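# Tertiary structure, described
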Amino acid sequence: MLAGAAASPAANHENFLHCLSTSPAANVSKIVFYTPANPSYPSVLQFSIHNLRFNTSAAPKPIVIVTPQTTSHIQAAISCSHKHRLHLRVRGGGHDYEGLSYVASRPFFILDLINLSSVKVDVAARTAWIQAGATIGELYYQIGTQTTTLAFPAGVCPTVGVGGHFSGGGYGLSLRKFGLAADHIVDAHLVDVKGKVHNRASMGEDLFWAIRGGGGNTFGVVTAWKVNLLPVPENVTVFTVTKTIQQNATGIINRWQQVADRFPDDLFIRVILDRTETTTNSTATGRASFNSLYLGQAQSLLPLLQRDFPELGVEREDLIELTWIRSILYFAGYPTDSPLEVLRSRVPLTRKRNFKAKSDYVTEPMSERALEGIWRRILRPDIEDPELIFSPYGGRMSEIPESSIPFPHRAGTRYKIQHLVYWEREGREATDRHVDWIRELYGYLAPHVSKNPRLAYVNYRDLDVGSNNGAGFTSNEEARVWGVKYFKGNYERLVRVKTAVDPRNFFRNEQSVPPLTAWK
Ligand code: FDA
């Protein structure tokens, strides 16, 4: 049986819909889909669009959005996509920075996993099975309501989907202690290009390696992940200390560059650079927010900071002790006494805006002069909301070999930079101004970051670092350009896996690893 609009405006895709409705899976339970004729289509499409840059009337729209309730619905969608040559984009939480899970330049449909979102935590076994349409907030909620001494090292924003996040690595504030989310995946369920369902044993270790960081929408549709949970103390400590340029932010960041990746693994201090107003005369100034998670108690953190980072001037009253799950609320921007249910919300705490982002890896500290150049750019008054986030590596990240999973940024990395710019003003001019700004900043930083190749984080998707050609087809020469930036030496192995499991490049987007031979 079929739910959704009765007629598609694109007559040539009627066959796809007919195929879905007559598939054996549809006899067992409804396959719910939405065409533009369905009044719910705009809200279903927009609900999981997190970058308003791709929510314009000009952005290409899917012909159909399929919202599977079961794995058999996914199998049916893949089979009908083959038969009727309708391009597929998989959507988890919809946070892709370049909108690749819901925008494509050729006729396409979205396989939106939003209804496959159950999370089962087994406290005794210290594991969780997470369906691929769940958010990391749902995972945190399920952990936090069942135990205070287990945690999982995924991202900061609860609305991020595990589908894309784990497929690209996924990190949060305990990365120096535990590494990435993908480092702790121990099993997965995946529907392959032929519609076959696999677990780790049946997919084999090569494919299992590739899906833990090799990027989404490339090797198949992941339907669930099994992860190990990690032990944390009953109480952890958080703080945020801000310094303006006038309060020596530049000098303190400089010191931070020397020490942040060398602290004990339990301590993570990131720096967020943005713009604020001075309290004295309300002029714009640069602000550095030192934002920290310590997997221990305040009484041991304070002497550590006073010894190794006295320049920051942290005092006992800056330190807040709470449970790990309440630290998740803190970093997500919620009051720490909020009901844990807020973590289940798929609606972000802050309003959605247009944004463009980039990433870099830093191996040697940059000079204070170089940092001053960043401030000058942040202070440009015609740029609405610029932000840079410096996240320290070291600790466990340096111990895990580069080839352990496809994510390669390990020993030798001091910190990662995320460049971000947000804006609300609509229109071409505002978009160009902000995108030009971030590109200029990226150019400015070139001498101070990794080189040959200039490395980047696949989950901070940036089509400026290279992309497969516009039609969605690709060659290895085109893909290598961006592939080695995201995956370094692991790129070649990803190509081999892709060639073995999806030789005709069925699962693809502008930055999916292609098979050895290009297909049209
Ligand atoms: P989305 O649904 O857009 O998917 C991203 C990619 O994965 C697409 O190519 C999609 O097709 C594919 N995909 C999704 N589900 C799949 C599945 N089941 N099988 C196969 N392919 C699938 N990152 C980080 O490491 N730490 C952080 O703290 C944050 N914080 C953060 C905050 C905010 C507000 C945003 C917008 C983004 C982040 N990120 C992040 C980046 C985030 O990790 C990245 O965008 C993820 O790919 C998002 O996964 P979603 O499932 O939400 O996105």
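On a predicted model such as this, the values are computed, not experimentally measured, just so you know.

The buried fraction of strand S19 (residues 415-423) is high, at nine of nine residues. Alternating positions in S19 separate into two faces, Tyr415, Ile417, His419, Val421 and Trp423 on one and Lys416, Gln418, Leu420 and Tyr422 on the other, with burial throughout. Two elements, strand S17 (residues 354-362) and S19, share nine bridges in a ladder whose sense is antiparallel. Bridged to Phe355 within S19 is Tyr422. With eight bridges joining them, strand S18 (residues 385-392) and S19 adopt antiparallel strand pairing. Of the residues in S19, the one forming a bridge with Ser391 is Lys416.

Given a rise of 1.5 Å per residue, 14 residues ought to cover 20 Å, and the 20 Å separating the end C-alpha atoms of helix H4 (residues 71-84) matches this to within 8%. Listed as buried for H4 are His73, Ile74, Ala76, Ala77, Ile78, Cys80 and Ser81. Downstream of H4 by one or two residues, Arg85 has phi in the positive range, about 50°.

Around the ligand sit 31 residues, and of these Val90, Gly92, Ser101, His165 and Tyr457 come closest. Contacts to the ligand include Asp96, whose backbone N or O atom sits 2.9 Å from an oxygen atom. Separating a nitrogen atom of the ligand from a backbone N or O atom of Tyr171 is a distance of 2.9 Å. Contact with the protein chains hides 93% of the accessible area of the ligand, taken as 950 Å² for the molecule alone. Elements with a contribution of two residues or more to the shell around the ligand: strand S4 (87-91), helix H6 (162-167) and strand S11 (221-228). Among the elements that take part in the shell around the ligand, H6 stands out by supplying three residues, more than any other. Of the residues assigned to the shell around the ligand, the class counts are twelve nonpolar, 16 polar and three charged.

Here we come to the sheet that holds strand S7 (residues 127-131). The five strands are arranged S6-S7-S11-S9-S10 in an open sheet whose pairing can be described as antiparallel. Among the strands making up the open sheet, the edge pair consists of strand S6 (119-122) and strand S10 (197-198). Two strands pair when backbone bridges link them, and strand S9 (residues 185-191) and S11 are joined in this way by six bridges, in the antiparallel orientation. Its bridge partner being in S11, Val191 is matched across the sheet by Val221. Sitting on the sheet, helix H5 (residues 136-144) is in contact with S6 and S7, with an inclination near 35° to S6.

Thresholds applied
- Residues numbered from 1 in each chain as written.
- Predicted model: local features only at pLDDT ≥ 70, side-chain atom pairs only at ≥ 80, totals over all residues.
- Heavy atoms only, no water.
- Buried < 20%, exposed > 50% of the residue type's maximum accessible area, 1.4 Å probe, protein only.
- Helix = DSSP H or I, 4+ residues; strand = E, 2+ residues; numbered from the N terminus.
- Pairing = 2+ DSSP bridges.
- Expected span 1.5 Å × (residues − 1).
- Near = heavy atom within 4 Å.
- Polar contact = N/O pair within 3.5 Å; in protein donor to acceptor, adjacent residues only side chain to side chain.
- Areas by Shrake-Rupley, 256 points an atom, 1.4 Å probe, with all protein chains shown as cover.
- Nonpolar A, V, L, I, M, F, W, Y, C, P; charged D, E, K, R; others polar.
- Contact = heavy atoms within 4.5 Å.
- Axes fitted to C-alpha atoms, helices over the stretch in contact; angles between N-to-C directions.

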